[in-house]
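Listed below are the residues making up each chain.
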There are 2 protein chains.
Amino acid sequence: MSTEIGRLVIIGGAEDKEGDKQILARVIALSGADRARIAVITTASSITAEMEAIYTRAFLDLGAASIIPLHIDDRADANNPDHVEAISNATGVFMTGGSQARLAHILGGSEVAKAMHRSRRDRGTCIAGTSAGASAISEHMVRDGDQDILPRKDMTNLIPGLGLLKRVLIDQHFTQRQRLARLVAAVAENPFVLGIGIDENTALVVDADTTLEVIGAGTVNIVDGRSMDSNITSIRPGTLLTLNNINLHILAAGARFHVESRTVRPSVPQPVPVGSPFPG
Amino acid sequence: MSTEIGRLVIIGGAEDKEGDKQILARVIALSGADRARIAVITTASSITAEMEAIYTRAFLDLGAASIIPLHIDDRADANNPDHVEAISNATGVFMTGGSQARLAHILGGSEVAKAMHRSRRDRGTCIAGTSAGASAISEHMVRDGDQDILPRKDMTNLIPGLGLLKRVLIDQHFTQRQRLARLVAAVAENPFVLGIGIDENTALVVDADTTLEVIGAGTVNIVDGRSMDSNITSIRPGTLLTLNNINLHILAAGARFHVESRTVRPSVPQPVPVGSPFPG
């Protein structure tokens, strides 16, 4: 019997946890609904108990069967067979926000990370993350750092994510923290990666085919640098970049995009637009 | 005897007026240097006396021969033959910031506006403007309005500028006020126009051929919507836009671009990058 590979739900941070919880509801729906067993990984956060309480309540409110809190605070925890077993028993894994660097340092290449890949592939486990936990789903992520709103050479340092979505760089809190500059700068340095910036309370749902669909209240910005020219090889670090022919997609709820081929797919109809000030 | 058509200097607001005044110095250089007679139009502003004093001091500091302050506060002023005569005697015209709508209401289609076109064409007069005065140089401009950082249908209202640069829409304070959303929304509605967003303390110098060069400390964002697809015809006002295949150029000092053909031109070398944190 074949099981479809689990969906990814990649959230730009600050998702609704009190109201209709549209995005978290999608995580539960894709994790088996009332049979959902959600492993919650708070490794990125510096306030793990609070994070665990917030997401436990939200997921139980949404009808999940059970929550499996995982306390992974160092490499030993990340290789602990009990934690690997917990991942294997979950139908969904959720990574909270916090520090991308902590996720890379603690989870990168660990047995828990391998279990996430394996469970997604073999058992259809849904893998979700918000903010730093969203970046960690991608193959590459920006380490916490430069918040300049203008693109400069060497303004970003990339670190490896868990690699559940290949050849992409995911950034979050995107429009709210004005991160287009660091995304285009990173793509200029590495046109190999597709840059994806996700707004707050907005998410991507990615299927096995790497087709993504946008849900939530904001936008997702996709930066394709294949045709980009820049002056990056001829200027000094810290100097402003000139970037020509960036192919930019700004996607709202319902929009779809095929990551592997970098092509637009037809949108899912949105009968009642999310966030419309003119309802009815 | 033929005279070359006057240059345009289009400034994104908040240009340096106290230090080396790089941008304002270019206005003076292109207006005849120590023979420069600069007509200053404060029509956009609500603090005209203060504006007049600031720019008079800055331009005289930079070696201008004389300043011609024009007080144009209504349509009668804008058609006053004395003001038309003053424009005809100037070697440069400078429009301050303030309200785009005031410039359209008062200067649009006036004898003073016609004199600016005529002097530029026949006498090589340099035409410069900052902030609202920059937008007014273009054929189309955004009326003061929606400051949403996400692109929505009908978020902008376009009004006519003075049309010194055709088939473009110029916005200013661009990255600082996070105006990419309203620029891409305006271009989605009107792919006919090339969207140009100019940062603070940054300017375009445009020659007769419509080749622009970027000067100053920030970036210029150019949004070309010729290949753009959007959902604009199928959604309601206020709904988030999905915009695919935006062709975006982010240009720093020295970068050049040909407006009429919408193509990149080779950059002017910048031996000492402006604003580099790593000088020397």
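Structure first, text after, so check above.
So, here's what we can say about the structure. (Residues numbered from 1 in each chain as written. Chains lettered and ligands numbered in written order. Predicted model: local features only at pLDDT ≥ 70, side-chain atom pairs only at ≥ 80, totals over all residues. Heavy atoms only, no water.)

**Some words on the pairing of strand E4 (residues 92–95) of chain A**
All names here are of chain A.
- Neither face of E4 is exposed, since Gly92 and Phe94 on one face and Val93 and Met95 on the opposite face are all buried.
- Pairing analysis gives 4 bridges linking strand E2 (residues 37–41) to E4, with the strands arranged parallel. Paired with Ile41 across the two strands is Met95, which belongs to E4. (Buried < 20%, exposed > 50% of the residue type's maximum accessible area, 1.4 Å probe, protein only. Helix = DSSP H or I, 4+ residues; strand = E, 2+ residues; numbered from the N terminus. Pairing = 2+ DSSP bridges.)

**Points about the sheet that holds strand E16 (residues 263–265) of chain B**
Residue and element names in this part refer to chain B.
- With respect to topology, 9 strands assemble into an open sheet ordered E3-E2-E4-E5-E1-E10-E11-E15-E16, the strand pairing being mixed. Two strands bound the open sheet, and with one partner strand each, they are strand E3 (66–70) and E16. On average, each strand axis in the sheet is tilted by 20 degrees relative to the strand beside it, whichever way the strands run.
- Those strands touched by helix H2 (residues 48–61) are strand E2 (37–41), E3, strand E4 (92–95) and strand E5 (126–130), and its axis lies near 160 degrees from that of E3.
- Contacting E2, E3 and E4, helix H4 (residues 81–89) runs over the sheet at an angle of about 150 degrees to E3. (Axes fitted to C-alpha atoms, helices over the stretch in contact; angles between N-to-C directions. Contact = heavy atoms within 4.5 Å.)

**Some points on the pattern of salt bridges**
All names here are of chain B.
- Inspection of every chain in the model, using the stated rule, returns 26 salt bridges over all chains.
- In this structure, the salt-bridge partner of Arg57 is Glu18, at a minimum N-O distance of 3.4 Å. Pair noted here: Arg57 is in helix H2 and Glu18 is in the loop between strand E1 (8–11) and helix H1 (22–29), with a separation of 39 residues, a long-range link.
- Residues Asp148 and Arg152 are paired through a salt bridge, measuring 2.7 Å at the closest nitrogen-oxygen approach.
- Note on Asp148: relative accessible area 23%, which makes it partly exposed.
- Relative accessible area serves as the criterion here: at 15%, Arg152 is assigned to the buried category. (Salt bridge = Lys/Arg side-chain N within 4 Å of Asp/Glu carboxyl O.)

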